[in-house]
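Summary of the model geometry
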Amino acid sequence: MKFSTLLLVMAIICSTNALYAQSNKAKDLVAKMTLEQKVELVVGMGMRLPGPTAASDKKTDTEKHEIAGFQLPPSLPNDATIPEKVPGAAGRTHAIESLGLPSLTLSDGPAGVRINPLRDNHPNQTYYATAWPVGTLLASTWDTALVQTVGNAFGKEIKDYGIDVILAPAMNIQRNPLGGRNFEYYSEDPFVSGHIAAAMVRGVQENGVGTSIKHFVANNQETNRNSINTIVSERALREIYLKGFEIAVKEAKPWTVMSSYNLINGTYTSESHDLLTNILRNEWGFKGLVMTDWFGGKDAVAQMKAGNDLLMPGTILQYNAILKAVKDGQLEERIIDRNAARVVDLILESPTYKKFVYTDKPNLKANAAISRKAAAEGMVLLQNNNNALPLMQSSQKQLALFGNTSYDIIAGGTGSGDVNKAYTISLEKGLLNAGFKIDKNLINAYTTYIAAEKAKQPKPRFFFELVPRVKEMNLEQPLLQNEAKSADAAIITIGRNAGEGADRKIENDFTLSSEEKNMIQQVCDAFHSQNKKVIVVLNIGGVIETNSWRSMPDAILLAWQPGLEAGNAIADVISGKVNPSGKLAVTFPIHYQDEPSAKNFPGKELHPTEHKGFSLMGVPAEVIYEEGIYVGYRYFNSFHIPTAYPFGYGLSYTQFSLKPIQLSTTNMQKSITAIVTVTNTGKTAGKEVVQVYIAAPKSNIVKPAEELKAFAKSKLLKPGESQTFNFVFTPAQLASFHTEQAAWMADAGKYTIKVGNSSENIIQTATFQLPDQVITEKVTNLLSPKQPIQEMQLQ
């Protein structure tokens, strides 16, 4: 390790440990506070609705305090009169000036800083932010070093804009393809989610600003998200939904954790002492602060008792309830002291307390370059028949660009995961920048059509309402035939968007619309008749159906939602400037009904007759996780269900081989090392992801066919070049949760290590024995369901 790198690591450790060790100073400061000051400290300063400029203050009083019919509860007196340090940020904590404690600024979100881009008091300056690639794309890089680099640049931008804590990363499990916020989340697999999140947290916090990993826990849908009761077994909760958070907490020590909206087995997560104290703090050793999601939970006093330290964005109702409970003896003041001290700990470590002089001028150009690189690294080549890609750059090569999204690219999803960015590079612009030609007649036809159709659309009612996409333009045959004759190849872009407040639909969302299928068919017929290639680009945030149409085009590139440099990054892959190395962190099923959660997503409303249309806060509902631990590839592989594209899948412009696995021993005691060597056997430099799955022996509890236990992204390997990885495993990494024993246990018997480049393409295997059963951790049964669950079982 270089000395400079060692110093950086030491600085990060010292900064993190400082946050965790300042409790004595915090306690001393809390001891000097009045009860009212302490209660102010655990309740935020309220919420101002975001807008493009402060001119939004000209709205009526009703418009200012309402989102889709939901009346924002009032904040504490005078809070609304205190100017925001960062207009458009999500929330603030109260200052206690007499003790030298400033107000902190908390901002969305996972894909970039979300603040107002324009300010009335500075009309000649803009405050745009970098729109980073969405979480699903970053996870598809399988490159923790790259994600940490993104996080580091992200953290600098956060700090430069005067923000103390970014409300990110979002790391819930992609339980079902229709999840509206899946674009924010990393994977269907907790191991990938945990390690990618940990890398992001490390990167951001290297700058001395905080993160808030969210939404803790099992916030796996948007439908009735504020009222849904998630009924799930303790084993599934611990192995699937909690595990990624555990990895991130232990590896990266995030400054804060955000509790989720939903209930777990009958209790709101923000009111659950078992979740926030017994598991998060006592089992995992978390020392930071827990905050609610905005307006999350129902009972402020119960939240205080549970260990939910900060209620955001904060309301006068919460303040009054807590103050009254303490005075009436219903809430011990020592609990408020404890929670307030954790808020003070956060303040003492913040840039604002340390009087960091922020510039409001982050290096957006440098960050755009990092965003572009990360975007290209996370794109997944799903299909490449007869080496249709790459299309070599040439000033003479003309492309026909079809699909509305080619000209109206989607950088990222909506809601708190959206970003106010200065620009988004369309695919049209990106290809032109790369040196390709595009027929102007086609450009004019699409841009005119899109502009006319958008003018007819209603404006969104609130800041994260998703406006429907414009229907695909009908292709006139003369135009299509002319393009097929004059262009060298065709590119079709399919777009999908989703976001906060609503889940996706099956028809015309998970599946392609009839207009989209007709477009693909027409373009393929016309261009194939001229012996020319057709490439489909998927500019999507979540999984879609591909099986019914994928045989038509020659190549399919999954670009996800690549951030503000979208078109340039896609062009980098299409042109061969970047060899695609992304791998799926989520399974693409053949049919939606193949999904193990399809039968119960998004649950059922308990009083459906009382439903009064769209409601941001939702209605009482419940969802039963009957699939148990069989989420994603754990289900498809164990039950032998064919997939369109399996977890871990992704093609390259070159080929790789894996040498036989070398084991340090075949009889595990304390640990075992697996040595894996990957070689580029093709003609083009490229990167490969080595994926290590382990199959456990039969036990008295059922287990998946295999589970991902390690992965590594190679460097850029030249043709013929090799790289060797050492993977070390301990019994703890082999353990499953045995509910009856309330313990993590590694069962005795034969384990099979499976190494490949997808969950379905295992190239090398090796076996070893664990001679005796090992209890790796003994815990207490917590968060158990109050009703029996008929969980899916292998026959």
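How each quantity is defined
- Residues numbered from 1 in each chain as written.
- Predicted model: local features only at pLDDT ≥ 70, side-chain atom pairs only at ≥ 80, totals over all residues.
- Heavy atoms only, no water.
- Axes fitted to C-alpha atoms, helices over the stretch in contact; angles between N-to-C directions.
- Helix = DSSP H or I, 4+ residues; strand = E, 2+ residues; numbered from the N terminus.
- Parallel < 35°, antiparallel > 145°, perpendicular 65-115°, else oblique.
- Left-handed = near helix turned anticlockwise from the far one by under 90°.
- Contact = heavy atoms within 4.5 Å.
- Nonpolar A, V, L, I, M, F, W, Y, C, P; charged D, E, K, R; others polar.
- Salt bridge = Lys/Arg side-chain N within 4 Å of Asp/Glu carboxyl O.
- Buried < 20%, exposed > 50% of the residue type's maximum accessible area, 1.4 Å probe, protein only.
- Pairing = 2+ DSSP bridges.
- Polar contact = N/O pair within 3.5 Å; in protein donor to acceptor, adjacent residues only side chain to side chain.
- Core = buried A, V, L, I, M, F, W, Y, C linked by side-chain atoms within 4.5 Å.
- Phe/Tyr/Trp six-rings, centres within 6.5 Å; stacked < 30°, edge-to-face > 60°.

1. Some words on the packing of helix α18 (residues 477-486) against helix α20 (residues 514-528)
Look at α18 against α20: their axes get within 8 Å of each other, and the N-to-C directions meet at 45 degrees. Relative to α20, α18 is oriented oblique. Of the two elements, α18 crosses α20, and the hand of that crossing is right-handed. On α20, the residues that touch Gln 477, Leu 480, Gln 481, Glu 483 and Ala 484 of α18 are Gln 522, Val 523, Ala 526 and Phe 527. Considered class by class, the residues forming the contact of α18 with α20 number five nonpolar, three polar and one charged.

2. A closer look at the pattern of salt bridges
Counted under the stated rule, the structure contains 41 salt bridges. A salt bridge links Arg 48 to Glu 84, with the nearest nitrogen and oxygen atoms 3.9 Å apart. Of this pair, Arg 48 sits in the loop between α3 (35-41) and α4 (61-64) while Glu 84 sits in the loop between β2 (70-71) and β3 (91-92), and the two are 36 residues apart along the sequence. For Lys 754, the salt bridge goes to Glu 706, with nearest N and O atoms at 2.7 Å. With Lys 754 in strand β30 (residues 749-758) and Glu 706 in the loop between β25 (689-695) and β26 (707-713), the pair connects residues that are 48 residues apart, well separated along the chain. Residue Glu 706 is classed as buried on the basis of its relative accessible area of 7%. Here the residues in one salt-bridge network are Arg 181, Glu 184, Glu 222, Arg 225 and Glu 500, joined through shared partners.

3. Description of the sheet that holds strand β20 (residues 621-624)
Pairing within the open sheet is mixed, and its five strands lie in the order β10-β9-β7-β20-β19. Of all the strands in the sheet, the pair left with one neighbour each is β10 (267-268) and β19 (604-605). Pairing of strand β7 (residues 228-231) with β20 involves four bridges; the strand directions are parallel. Paired with Thr 230 across the bridge in β20 is Val 623.

4. What to know about the sheet that holds strand β29 (residues 743-746)
Two pairing modes exist for strands in a sheet, parallel and antiparallel, and in both the strands are linked by backbone hydrogen bonds. Reading across from one edge, β28-β29-β32 is the order of the three strands in this open sheet, with antiparallel pairing throughout. Looking at the sheet topology across the chains shown, the edges are occupied by β28 (736-738) and β32 (774-778). Between one strand and the next, the sheet's axes are offset by a mean angle of 35 degrees, whatever the strand orientation. The pairing of β28 with β29 spans three bridges and is classified as antiparallel.

5. Here's the deal with the environment of Asp 274
By the secondary structure assignment, Asp 274 is in helix α10 (residues 273-283). It is 7.6 Å that separates the C-alpha atoms of Asp 274 and Ala 306, two residues lying 32 residues apart in sequence. Polar contacts involving the side chain of Asp 274 include one to the side chain of Asn 278, which spans 2.8 Å.

6. Description of the side chain of Thr 211
Tracing the sequence through the fold places Thr 211 in strand β6 (residues 210-216). In this structure Thr 211 comes out as buried when scored by relative accessible area, which is 0%. Among the polar contacts made by the side chain of Thr 211, one reaches the side chain of Gln 205 at a distance of 2.8 Å. Setting aside chain neighbours within four positions, we find Thr 211 in contact with Val 165, Ile 166, Ala 168, Pro 169, Val 201, Val 204, Gln 205, Pro 254, Trp 255 and Thr 256.

7. With respect to the nonpolar core
Phe 402, Leu 431, Ile 491, Val 523, Phe 527, Leu 538 and Phe 588 are the most contacted members of the largest nonpolar core, which has 82 residues in total. In contact with Phe 588, other than residues within four places in its own chain, are Ile 540, Val 543, Ile 544, Thr 546, Leu 558, Trp 560, Thr 643, Ala 644 and Tyr 645. Core analysis: the next-biggest nonpolar cluster, separate from the first, contains 81 residues, Ala 168, Ala 197, Ala 199 and Val 232 among them.

8. Concerning the packing of helix α6 (residues 144-160) against helix α7 (residues 190-205)
When two helices pack together, their arrangement is given by the angle between their axes and by how far apart the axes lie. Viewed as axis vectors pointing N to C, α6 and α7 meet at an angle of 40 degrees, and their least axial separation amounts to 6 Å. Taken together, α6 and α7 sit at an angle that is classed as oblique. The two elements α6 and α7 cross, and the hand of that crossing is right-handed. Contact residues: Thr 144, Val 147, Gln 148, Val 150, Gly 151, Asn 152, Phe 154, Gly 155 and Ile 158 in α6; His 195, Ile 196, Ala 199, Met 200, Arg 202, Gly 203 and Val 204 in α7. Among the residues making up the contact of α6 with α7, the classes are represented as eight nonpolar, seven polar and one charged.

9. Overview of the environment of Asn 518
Take Asn 518: it is sitting in helix α20. By relative accessible area, Asn 518 is classed as partly exposed at 46%. Distance from Asn 518 to Ala 325, taken between C-alpha atoms, is 63 Å for residues 193 residues apart in sequence.

10. Some words on the packing of aromatic side chains
Overall, the coordinates contain 22 aromatic pairs when judged by the stated rule. Judged by centre distance (5.9 Å) and plane angle (80 degrees), the rings of Tyr 633 and Tyr 693 are edge-to-face. A residue pair is termed long-range when its members are at least 10 positions apart, and Tyr 633 in helix α22 (residues 633-638) and Tyr 693 in strand β25 qualify at 60 residues. For the pair formed by Tyr 633 and Tyr 693, the shared burial category is buried. Here a set of aromatic residues connected by ring pairs shows up, and it is made of Trp 142, Phe 191, Tyr 633, Phe 647, Tyr 693 and Phe 711.

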